[in-house]
Amino acid sequence: MDTKTDAWLVGGPRDGSTHDAGGSALIELEIDGLIHRYVRTTKQHDENTPVYNYDGMVAPGGGEPGVEDPAARVASPRADAEGRGD
């Protein structure tokens, strides 16, 4: 018997696409230097494809205190590589 591990992603940058979730409750995708999170719901897209809702994005290094201060923000690795981290 085949086990279907695809997930239907709803919202965010991958809205309407599928991804191999491997049965995980949380999918984290790195897109443009940020981690985009999708959380499993109880809904099904078709016979056995679970639906994952977009939960937002976070910097790979996590949050930092005082995010109102631009100097304290976490820059993305991609932005740093492209010289946009300052």
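To be clear, the structure that these remarks concern was listed above.
Parameters and conventions
- Residues numbered from 1 in each chain as written.
- Predicted model: local features only at pLDDT ≥ 70, side-chain atom pairs only at ≥ 80, totals over all residues.
- Heavy atoms only, no water.
- Buried < 20%, exposed > 50% of the residue type's maximum accessible area, 1.4 Å probe, protein only.
- Helix = DSSP H or I, 4+ residues; strand = E, 2+ residues; numbered from the N terminus.
- Pairing = 2+ DSSP bridges.
- Axes fitted to C-alpha atoms, helices over the stretch in contact; angles between N-to-C directions.
- Core = buried A, V, L, I, M, F, W, Y, C linked by side-chain atoms within 4.5 Å.
- Contact = heavy atoms within 4.5 Å.

Quick look at the pairing of strand 1 (residues 6–10)
- Burial along strand 1 is one-sided: Ala7 and Leu9 are buried, and none of Asp6, Trp8 and Val10, which face the opposite way, are.
- Here three bridges tie strand 1 to strand 2 (residues 18–20), and the two strands are oriented antiparallel to one another. Paired with Asp6 across the two strands is Asp20, which belongs to strand 2.
- For strand 1 and strand 5 (residues 50–58), the ladder comprises three bridges, and the chain directions are parallel. Each residue of the ladder has a partner; that of Val10, found in strand 5, is Asn53.

Concerning the environment of Val39
- Within the secondary structure layout, Val39 lies in strand 4 (residues 34–44).
- Owing to a relative accessible area of 33%, Val39 belongs among the partly exposed residues under this scheme.
- For the pair Val39 and Leu9, spaced 30 residues apart in sequence, the C-alpha separation works out to 9.0 Å.

Brief notes about the sheet that holds strand 3 (residues 26–31)
- Strand order in the open sheet formed by five strands is 2-1-5-4-3, and the pairing between neighbours is mixed. Of all the strands in the sheet, the pair left with one neighbour each is strand 2 and strand 3. Across this sheet, the average inter-strand angle for adjacent strands is 40 degrees, counted without regard to direction.
- The sheet contact formed by strand 3 and strand 4 spans six bridges and is antiparallel.

What about the nonpolar core?
- Among the nonpolar cores identified, the biggest contains eight residues, and these are Ala7, Leu9, Ala21, Ile27, Leu29, Ile31, Tyr38 and Tyr52.
- Mapped onto this core, the elements with two or more residues apiece are strand 1 and strand 3.
- Every residue in contact with Ile27, bar those within four places of it in the chain, is listed here: Ala7, Leu9, His19, Ala21, His36, Arg37, Tyr38 and Tyr52.

Functional significance is not addressed by these values, which are geometric in nature.
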